[in-house]
Amino acid sequence: MQGHSKYQGGQLKVKTLKIPEATITRLSVYSRYLAHVDRRGVTTISSGEIADGVGVSPAQVRKDLAYFGEFGTRGVGYNVKDLYWHIIKILGLNTTWSVVIIGAGNLGTALSMYGGFRERGFKVVGIFDNDPHKIGYRLNGVEIYPMERLKEIIEREKANIAIIAVPADHAQDVANLLVETSIQGILNFAPRALNVPDHIELRNVDLSVNLELLTFNLAVRRNMKGAR
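Rules of the game
- Residues numbered from 1 in each chain as written.
- Predicted model: local features only at pLDDT ≥ 70, side-chain atom pairs only at ≥ 80, totals over all residues.
- Heavy atoms only, no water.
- Buried < 20%, exposed > 50% of the residue type's maximum accessible area, 1.4 Å probe, protein only.
- Helix = DSSP H or I, 4+ residues; strand = E, 2+ residues; numbered from the N terminus.
- Pairing = 2+ DSSP bridges.
- Right-handed = clockwise from strand over helix to strand, strands pointing away.
- Core = buried A, V, L, I, M, F, W, Y, C linked by side-chain atoms within 4.5 Å.
- Contact = heavy atoms within 4.5 Å.
- Axes fitted to C-alpha atoms, helices over the stretch in contact; angles between N-to-C directions.
- Salt bridge = Lys/Arg side-chain N within 4 Å of Asp/Glu carboxyl O.

Enquirer: Run through the pairing of strand E9 (residues 161–164), naming residues and quoting values.
Expert: Residues of E9 alternate between two faces, with Ile-161 and Ile-163 on one and Ala-162 and Ile-164 on the opposite face, all of them buried. Of the pairings in the sheet, the one linking strand E5 (residues 97–102) to E9 comprises four bridges and is parallel in character. In the strand pairing of E9, Ile-102 is matched with Ile-164. Examined bridge by bridge, E9 and strand E10 (residues 185–188) share four bridges and lie parallel to one another. Directly across from Ile-164, in E10, lies its bridge partner Asn-188. In terms of handedness, the path from E9 via helix H8 (residues 168–179) over to E10 forms a crossover that is right-handed.

Enquirer: I'd like to hear about the nonpolar core, residue by residue, with values.
Expert: Leu-27, Leu-34, Ile-45, Ile-50, Leu-65, Phe-68 and Leu-83 are the most contacted members of the largest nonpolar core, which has 24 residues in total. Elements supplying a minimum of two residues to this core: helix H1 (21–39), helix H2 (47–54), helix H3 (58–66) and helix H4 (80–90). Element by element, the count of residues in this core is highest for H1, at seven residues. Residues contacting Leu-65, with those up to four places away along its chain left out, are Leu-27, Phe-71, Tyr-78, Leu-83 and Ile-87. In this structure, Val-125, Phe-128, Leu-150 and Leu-178 belong to the second largest nonpolar core, which totals 23 residues.

Enquirer: Give me the sheet that holds E9: which residues, what numbers.
Expert: Ordered in space as E7-E8-E6-E5-E9-E10-E11, the seven strands form an open sheet in which the pairing is mixed. Single-partner strands in this sheet number two, and they are strand E7 (138–139) and strand E11 (201–204). Here H8 sits on the sheet in contact with E5, E9 and E10, set at roughly 165° to E9.

Enquirer: How would you explain the pattern of salt bridges if you had to name every residue and give the values?
Expert: In this structure the tally under the stated criterion is six salt bridges. Ionic pairing is found between Arg-26 and Asp-64, a salt bridge with its closest N-O pair at 2.7 Å. Of this pair, Arg-26 sits in helix H1 while Asp-64 sits in helix H3, and the two are 38 residues apart along the sequence. Of the residues examined, Arg-26 reaches a relative accessible area of 21% and is grouped as partly exposed. Given a relative accessible area of 0%, Asp-64 falls into the buried group.

In structure tokens form, the structure reads like this:
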């Protein structure tokens, strides 16, 4: 990821520097932890306390934050609310992102029910499916539309992000339809690689791959114990 950001006078200044993707992932974790301690009434926090709370080293916390400027005071720490909102701005969560979900099966239904979306600034504005028996029903208050209305609803609701939760053999067809809309980012849960133009940000979430990485590491640990 390119970009180096620094806050000056309330504005986010961007310089050219490669920011590790893992850093952005950890920033999300930091923001959740800061929200948690803020609810407990904590006003000031150190890098060591953040590190203990999320399971990394204090040096890692300082390094991650240093990509974006100086936020704390040496010997005092960070103001919890200020640091939280700085990270929220860095992550682009200081605005609402309108989301559509393609696929009203088990996964799409579960995603539509996830309360964390709204808490983090993501608003599901439409769900789409090709099953006529599902059209017109609502999931968590959101209407299920036919695929034929995809472009219309995306334009009407000014949706920015689409979540693909359809079987693998239909995922590329769905992506092709989304390319013809104003969607800027796609989160793909289908277990296949998708081809989209460079102007669309694509992220793949393969649950099976992550489980298999987990079982691989568990098998390695088991073999290491057996070899002792």
